[in-house]
Each structure stands twice: as structure tokens, then as C-alpha cells.
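Here's the letter readout for the chains.
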Amino acid sequence: MHKQVNTIYTALILLLLVSCNDAADLPATVTFTEHIAPVLYNNCTICHRPEGSAHFSLVSYQEAKKYAAANEYVTRQRIMPPWPADPHYTEFTGQRVLDDNDIKLFEKWVKDGTPMGPEEMLPSLPNYPSGSDIGNPDMRIPVQPYLLSANSLDKFLLVKVPFELPNDTFASVIEFIPGRRNVVHHVNGDMVKYEFDKKKTVFEGEQILDMAADTATLLQAYQRLGLPNDDGTYPTLQKSVVNYLPGVYGQIYPQGIGGYKLPRKGAFLLNDLHYGFTNNESIMDSSFINIFFTPVPPNRPVKEFQLGTLGVAPVEPDMLIQPNKVKKVYSRYTIPADISVLTLNPHMHLLGKSFKAYALQPNRDTIRLISIPNWDFNWQYFYTFKKMVHVPAGSTIVAEGVYDNTTQNLNNPFSPPKLVTDQNGSMKATDEMFQFIVTYLPYLPGDELISLDRN
Ligand code: HEC
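Presented here is an overview of the structure given in this document. (Residues numbered from 1 in each chain as written. Predicted model: local features only at pLDDT ≥ 70, side-chain atom pairs only at ≥ 80, totals over all residues. Heavy atoms only, no water.)

## Notes on the packing of helix H4 (residues 68-76) against helix H5 (residues 100-111)
At their nearest, the axes of H4 and H5 sit 9 Å apart, and the two run at 150° to each other. Judged on the interaxial angle alone, H5 and H4 are roughly antiparallel. Every pair of crossing elements has a handedness; the one defined by H4 and H5 is left-handed. Packed against H4, whose contacting residues are Ala-68, Ala-69, Asn-71, Glu-72, Thr-75 and Arg-76, the element H5 presents Ile-103, Phe-106, Glu-107, Trp-109 and Val-110 at the interface. Residue composition of the contact of H4 with H5, by class: 6 nonpolar, 2 polar and 3 charged. (Axes fitted to C-alpha atoms, helices over the stretch in contact; angles between N-to-C directions. Helix = DSSP H or I, 4+ residues; strand = E, 2+ residues; numbered from the N terminus. Parallel < 35°, antiparallel > 145°, perpendicular 65-115°, else oblique. Left-handed = near helix turned anticlockwise from the far one by under 90°. Contact = heavy atoms within 4.5 Å. Nonpolar A, V, L, I, M, F, W, Y, C, P; charged D, E, K, R; others polar.)

In C-alpha cells, the structure reads:
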């Protein structure tokens, strides 16, 4: 959140210049029950409620009043609700972006003295389910509980969640549910698929490694987790099957699209279970993974490729980010066949400043993919298009990232700044990464008409 601070002053000055505010659409008096609560309940309370991911609630009049000035500020700066992608570049499902009028309501409510309004006008709070965000799962697999001691700093864990099933089966959705939403920041998880006779037990080895405390290489870490087959070879890995960020639901695709084949023996590999810092209280987190089975085999399984660090196309010119420098990198990949793009996941760490990706068609026309003008390490969504985007064969997908390794970057983990590299795919937040994950289907005519929106 801090990083927006340095743009604040410019924004404030601009605001003063254009401050000939027209109040045309605004009510004479803005009240909590009539105007503010509807905006909060639609855009904020999914995280800002007692059981939510944010540390304070905005459900009641007293709470909203207490944070009225802060709310006015964070909405005007578009820091909240968190949605780093520029909605004017491309739009995605589940996007939470306030319109200008909502922002003015927060402002005018403060000016009007934060009145309560008629009690009977208060809308009811949306229903927030707890064990699952999307339905009744068929199976629940626990993640090994983890104790965060009091006053601990951010933790990045590599976690194995093993499972055995009576048969090979299919799943439509795999959903991660945090135990304690206010400490689980995000998860990116793959699935390890064993051939039945190659692994005696999936439950051997450690289940949780702390990537910052551990200097192990990824391969050593995999060994400690007991991931290899009994003969030392590696099982197959299906990428990005389970992802979580506060406020985001497990992705359900239309029938016949997506879905997973679950092996009898397997494990979820949470590459990056990010726990936030704790206050003066220790916290035990027991998260779990929900599986929704389906009899329908995934006849159009989701595929993916990844540009950049450890991907199909290298980072150019390189990932040596010198101290006190702002550095731009690229990764470019020409796709051999037509694809229908489903989701995008840009990934950088703490030095990230901005990110942009687009496809250059053979005829030189550009297809916009995503633009993140102010990189925010905390909000690394998997962005799902409202409708699949067709990218024709021979197009070059270009991802551009800018890193700020100066003292201007308030998220810079080193003071004074020092040389930062990607260490060949280290997952530590203090090393860097440049990755762009694209999930897609082989293109079929008409794909661009299919809605992926859940509403
Ligand atoms: C996807 C989850 C999510 C949504 C949606 C969301 N917030 Fe937040 N908000 C957070 C988190 C996480 C923080 C960080 C502080 C914390 O952990 O409590 C935060 C912080 C804030 C802060 C404090 C800023 C600071 O500098 O610490 C304010 C004020 C705020 N949010 C208001 C809002 C308002 C108003 C909305 C809706 C218009 C909203 N938020 C929507 C998750 C969310």
C-alpha cells in the first residue's frame, strides 16, 4: 500500500486543479444506510467483515464512520478495492472497480458529517459462506496446520498436500479455503500426479518448508518434501490448479471446459503459501482444499504456458537488477497455433513497478492482454477474461516488466539497494522473478462468444 504514497502528492495537486466538482448526480445529503452501505456491501465487506481477510470491518455504521476519512482517501486514490489491472486497458471477471459516482459518495458523506440515515433503508449484508465460496464440496483435504508465532514477519511456505483416492476421477473445481483469512495472503498451487505403481506412499517427507529460512534449492526442497517417485524420477506436474487471493472465488468454467483429471495418488504443491505478519498473538492456521468431483472428463482441459523465469521464453536482456536502477525486461513468445486465452497471471516480487502484456498478430495488429500501471506485490490475481480472447497462430506474446531497485521504491527489501537477481527461479520474495502465466484452450470457432463470467 505504501508505494502509492509517493504518487499521492502529484494526485493531490491534480485534484486541486480539477476540483470544480459537479455534484449533479449526488444526493442532497449522503447517508450511511441509503448510499454508503450499498457501496461497502458490494465492494468492500467481502474482505472488511469480522471473518474477512482485512484487519478491520466496515459492516456497521460505527465502523464505517470511524474509517470515513480513510475510505474517502483509499477510494479516491483507487487503492481500494484492490484491483491493480487497468480496467481501461482490459476487463476481467469479478473485477472490483468503483465508478466515479461511488467515490464522490464517500467524499460527500464526510462533508455532510457522516450521518446515519433512516435505519429501515439499510440493505442486508450479502451472505458470505464459510466452508466454501461456491457450493458443497465432495471432498475436503486438509493442509497441515501451521503455527504462526506472535509478532512473526511475512512467511513464504512451500507446502505439500498429499492425497490418495480410490480411483482416478475428474474434478470440475479445486478450491483453496484459508483457515484464518486475516493471515493467509495468497496461494499458487500445482498438482503432482503420480503413476500409481511408481510411488508407494505420497505421505512420506516433510509437508511444509519455509522458503526464506531455508537456503535449499528448489530441487533439494522437492526431495525433502518427498516429491520424487520411488526410483528418483519426477512425476508430472500440472500447473496452477489451485490459486487463492482474498476476495477471489475458485474459477468455475462453463461445462466441458477446464476441469482436472485427479490421479489415485497425488499431491497439491502450494508453491507459495504466503502468510502475512502477526501481531502480539500467535495464530494457528488450518486451511484446506475443496474438491468438486464431476463425472464429465475434461474434454477441453485448460493448458498453459509461462513466459520469463523458468518459462518457454527467456527474460531479456537478463534478470540482473542493479542497485539504484530502474530496469525494463521483456519476454516474447510466438505461439504456433491459434489459442483462446482464459486467464492471465503476471508475477513479480517486491521490486516490481509495472507490468504490461499484449499479443502482436502477424498482421502487426495488437491484442491487449493486461496492463498493471502500479505493481502491487500483495494483489497478484489470476485475471480471467469475461470472454475468451482469440490469439491467432504466429502472434507474438510480449510481456514487459519494469523493476525499481532504487530507494524510491518503498517496498525495496534492501536498504541500501543491492544487486537482485532471479537466482534461477528462487521463490524468496527478496529475490526477483519475472513470469507471465497464460492459461488457454486450443482455439475453436465461437470461443470468443462463450461467457466466462459467473454472473
Ligand atoms: C479483496 C479484499 C479487499 C477488498 C474488496 C477491499 N479491501 Fe480494503 N483492505 C484490504 C486489506 C487486506 C487491507 C490491508 C490492511 C488489512 O490487512 O487490514 C485493506 C486496507 C484498507 C484500508 C486501510 C488502508 C491503509 O492504509 O492501511 C482502508 C481504508 C480500506 N481498506 C477500505 C476499503 C474500502 C472502502 C473498500 C471498498 C470500496 C475496500 N477496502 C475493499 C482488503 C480489501
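Now that the structure is up, let's keep going.
## Here's the deal with the site of the ligand
Inspection of the region around the ligand gives 21 residues, with Cys-44, Cys-47, His-48, His-55 and Met-80 positioned closest. Within the contact set of the ligand, a nitrogen atom lies 2.8 Å away from a side-chain nitrogen or oxygen of His-48. Within the contact set of the ligand, an oxygen atom lies 2.5 Å away from a backbone nitrogen or oxygen of His-55. If one sorts the elements of the shell around the ligand by residue count, H4 sits on top with 4 residues. Classifying every residue of the shell around the ligand by side-chain character gives 15 nonpolar, 5 polar and 1 charged. (Near = heavy atom within 4 Å. Polar contact = N/O pair within 3.5 Å; in protein donor to acceptor, adjacent residues only side chain to side chain.)

## Regarding the packing of aromatic side chains
Scanning the entire structure with this criterion turns up 20 aromatic pairs. Measuring from ring centre to ring centre gives 6.1 Å for Phe-32 and Trp-109, while their planes differ by 35°; the resulting arrangement is tilted. On the criterion of sequence distance, the pair formed by Phe-32 in helix H2 (residues 32-43) and Trp-109 in helix H5 is long-range, its members being 77 residues apart. By relative accessible area, which is 1% here, Trp-109 ends up buried. (Phe/Tyr/Trp six-rings, centres within 6.5 Å; stacked < 30°, edge-to-face > 60°. Buried < 20%, exposed > 50% of the residue type's maximum accessible area, 1.4 Å probe, protein only.)

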